[in-house]
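Observations on the three-dimensional arrangement
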Amino acid sequence: YYIAGVGQNQINNPNLKPEKTIDYQIGFKQKLNSKSAITLSGFYRELRDMVQVTTIANAYPATYTTFDNIDFATVKGLELSYDLRRTQNIRLTANYTLQFAEGTGSGDDSQANLASFGLPNLRTLVPLSYDARHMINFNIDYRFTDGADYNGPKLFGKDILANTGVNFIIRGRSGTPYSRQGNVTPEAQFGIPTRPSLEGTVNGSRLPFSLRVDSRIEKDFKVNFGKNAGARDRYFNLYLLAQNLFDADNIVSIYRYTGSPSDDGYLVSPEGQEVSTVQVNPLAFTDQYNIKMNNPNNFSLPRRIRLGVSFNF
């Protein structure tokens, strides 16, 4: 009854089917020695009946857009893992994943532009927006115990590093895909109608490789709240946590025309220079444009350090 008045707005579909995910995995695990093992596995994942925006052409009383279960995707890859149980003071797990994620759409509105122009949905497999081809993960833990098993340094006969440890988590991944833009557009201006054009293929370009290291140094202090034989030990844990330890400038988003996280290329283009010269104050326009273009959300969070105490009981 109201379809003629909604215009280009999308109409909800109460008849959607549930999305399905089917996983297949086969693996092999081999013991290397009494404290280490290696695992090799292959996986294949099917995503069916994925929701995507679509156009219902020639409908009465007007053509409209809605959602339907028309998308599908596949994720396949290999995974290699190494596990070292606590040996002396060190515990280590390492993992490498090679992945290929392809589908007809990365999200329920990834083809909204096609639908808004009345074009048919994309039916070609392309890399999904979360497809990271290579992923590596390391978890390294080094710590000293207490009592007779303590093997660390001593000071005046005291086990100064008893119940002390340091942990490193290293995560790296290759860049995720994005669609390269063929024409320059003013990304830092508001209310300017633009129509970007595609250069190359959908999701045919990639962000740079990213690497992040998190570290935690901690020490447990044993306390006892009772004097009877059944009293249990409690622990205060003092820790220093450093996230993004080396303050890496990992890129999470870019301007699609230049591939840069800090420059959209508009000000140095002929279009941008023409617009800049007709401003009341060209220098102020350039400065404010650069401020808006310098978006910190294009980078991962900087180094953060936290000092804390926890009580375990």
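Above: the structure in question.
All of the points below concern the structure found in this document. (Residues numbered from 1 in each chain as written. Predicted model: local features only at pLDDT ≥ 70, side-chain atom pairs only at ≥ 80, totals over all residues. Heavy atoms only, no water.)

Considerations on the overall build of the protein
Let me state the cut-off plainly: By definition, any uninterrupted DSSP run of H or I lasting at least four residues is a helix, any uninterrupted run of E lasting at least two residues is a strand, and each is numbered from the N terminus. In this setup the radius of gyration rests on C-alpha atoms only. A globule is expected at 2.2 Å times the number of residues raised to 0.38. In what follows, residue pairs with any heavy atoms lying within 4.5 Å of each other are defined as contacts. Here the accessible surface of atoms and residues is derived via Shrake-Rupley with a 1.4 Å probe, and residues count as covered only by protein chains that are part of the display. Two residue types count as positive, namely Lys and Arg, and two as negative, namely Asp and Glu; His and chain ends fall outside the count. The atoms used to mark charge sites are NZ of Lys, CZ of Arg, CG of Asp and CD of Glu.
Within the protein, the secondary structure is distributed over 3 helices and 15 strands. Its C-alpha radius of gyration of 28 Å places the protein more than 25% over the 20 Å reference for a compact globule of 313 residues. For the protein, the spread of C-alpha atoms along the three principal axes comes to 85 × 55 × 40 Å. Summarising the internal contacts of the protein: among those between residues at least 6 apart in sequence, 67% fall at separations of at least 24. In the form shown here, the protein has an accessible surface area of approximately 20000 Å², with 56% of it arising from carbon and sulfur atoms. Once the 33 positive and 29 negative side-chain charges of the protein are each reduced to a mean point, those two points are 11 Å apart.

Points about the environment of Met-293
Counted only if it meets this: Three labels apply to residues, based on accessible area from a 1.4 Å probe with only protein chains included: buried if under 20% of the type maximum, exposed if over 50%, partly exposed otherwise in between.
Residue placement: Met-293 occurs in helix α3 (residues 282–293). When its relative accessible area of 3% is taken as the criterion, Met-293 is described as buried. In sequence terms Met-293 and Tyr-255 are 38 residues apart; their C-alpha atoms lie 9.4 Å from each other. Once residues within four sequence positions are removed from consideration, Met-293 is found in contact with Ala-188, Tyr-255, Pro-261, Ser-262, Asp-263 and Asp-264.

As for the pattern of salt bridges
For the record, the criterion: A pair is scored as a salt bridge if a Lys or Arg side-chain nitrogen falls within 4 Å of a carboxyl oxygen belonging to Asp or Glu.
Summed over all chains, the structure comprises 17 salt bridges. Among the salt bridges present, the one from Arg-133 reaches Asp-131, with a minimum N-O distance of 2.8 Å. A relative accessible area of 0% means that Asp-131 is categorised as buried. It is possible to trace a salt-bridge network through shared partners that takes in Arg-86, Asp-141, Arg-143, Arg-216 and Glu-218.

Focus on the pairing of strand β13 (residues 210–224)
Counted only if it meets this: Strand pairing requires that DSSP identify at least two bridges connecting the strands.
With 10 bridges connecting them, strand β10 (residues 164–173) and β13 associate as antiparallel partners. Note that in β13 the partner of Ile-170 across the bridge is Val-213.

Quick notes on the packing of helix α2 (residues 270–277) against α3
Each pair of packed helices gets described by two things: the angle between the helix axes and the distance between those axes. Heads up, the rule is: Throughout, an axis means a line fitted to C-alpha atoms (over the contacting stretch in the case of helices), and angles, computed between N-to-C directions, take values from 0 to 180 degrees. With respect to orientation, any angle under 35 degrees is reported as roughly parallel, any angle over 145 as roughly antiparallel, any angle of 65 to 115 as roughly perpendicular, and every other angle as oblique. Residue classes follow a fixed rule: Ala, Val, Leu, Ile, Met, Phe, Trp, Tyr, Cys and Pro count as nonpolar, while Asp, Glu, Lys and Arg count as charged, and any other residue, Gly among them, counts as polar.
At their nearest, the axes of α2 and α3 sit 8 Å apart, and the two run at 130° to each other. Classified by the angle between their axes, α2 and α3 sit oblique to one another. Note on element contacts: α3 touches α2 through Pro-282, Phe-285 and Thr-286, opposite Val-275, Ser-276 and Thr-277. Its residues placed into classes, the contact of α2 with α3 shows 3 nonpolar, 3 polar and no charged.

Looking at a nonpolar patch on the surface
Formally: Like-charged residues are merged into a patch within 9 Å and nonpolar side chains (Val, Leu, Ile, Met, Phe, Trp, Tyr) within 5 Å, provided each residue has over 30% relative accessible area and no salt bridge.
Taken together, Ile-217, Phe-221, Phe-236, Leu-238, Leu-240, Ile-305, Leu-307, Val-309, Phe-311 and Phe-313 make up a surface patch of nonpolar side chains, about 1000 Å² in accessible area. Elements supplying a minimum of two residues to the nonpolar patch: β13, β14 (233–243) and β15 (304–312). At 4 residues, the largest contribution of residues to the nonpolar patch is made by β15. Of note, Leu-307 is situated in strand β15. The class of Leu-307 is exposed, set by a relative accessible area of 67%.

Some thoughts on the nonpolar core
As a reminder, the rule being used: By nonpolar core is meant a set of buried Ala, Val, Leu, Ile, Met, Phe, Trp, Tyr and Cys residues that side-chain atoms within 4.5 Å join together.
Of all hydrophobic cores here, the largest spans 8 residues; its members are Val-184, Ala-188, Tyr-255, Tyr-266, Leu-267, Phe-285, Tyr-289 and Met-293. The next biggest cluster of nonpolar side chains, apart from the first, holds 7 residues, and it includes Leu-47, Met-50, Ala-73 and Leu-128.

Quick look at the packing of aromatic side chains
Rules: Ring pairs shown here join Phe, Tyr and Trp side chains whose ring centres sit within 6.5 Å, with only the six-membered ring taken for Trp; geometry is labelled stacked below 30 degrees between planes, edge-to-face above 60, and tilted in between.
Overall, the coordinates contain 6 aromatic pairs when judged by the stated rule. When the centroid spacing of 5.7 Å and the interplanar angle of 25° are considered together, the rings of Tyr-266 and Tyr-289 count as stacked. Of this pair, Tyr-266 sits in the loop between β14 and α2 while Tyr-289 sits in helix α3, and the two are 23 residues apart along the sequence. Residue Tyr-266 shares its accessibility class with Tyr-289, and that shared class is buried.

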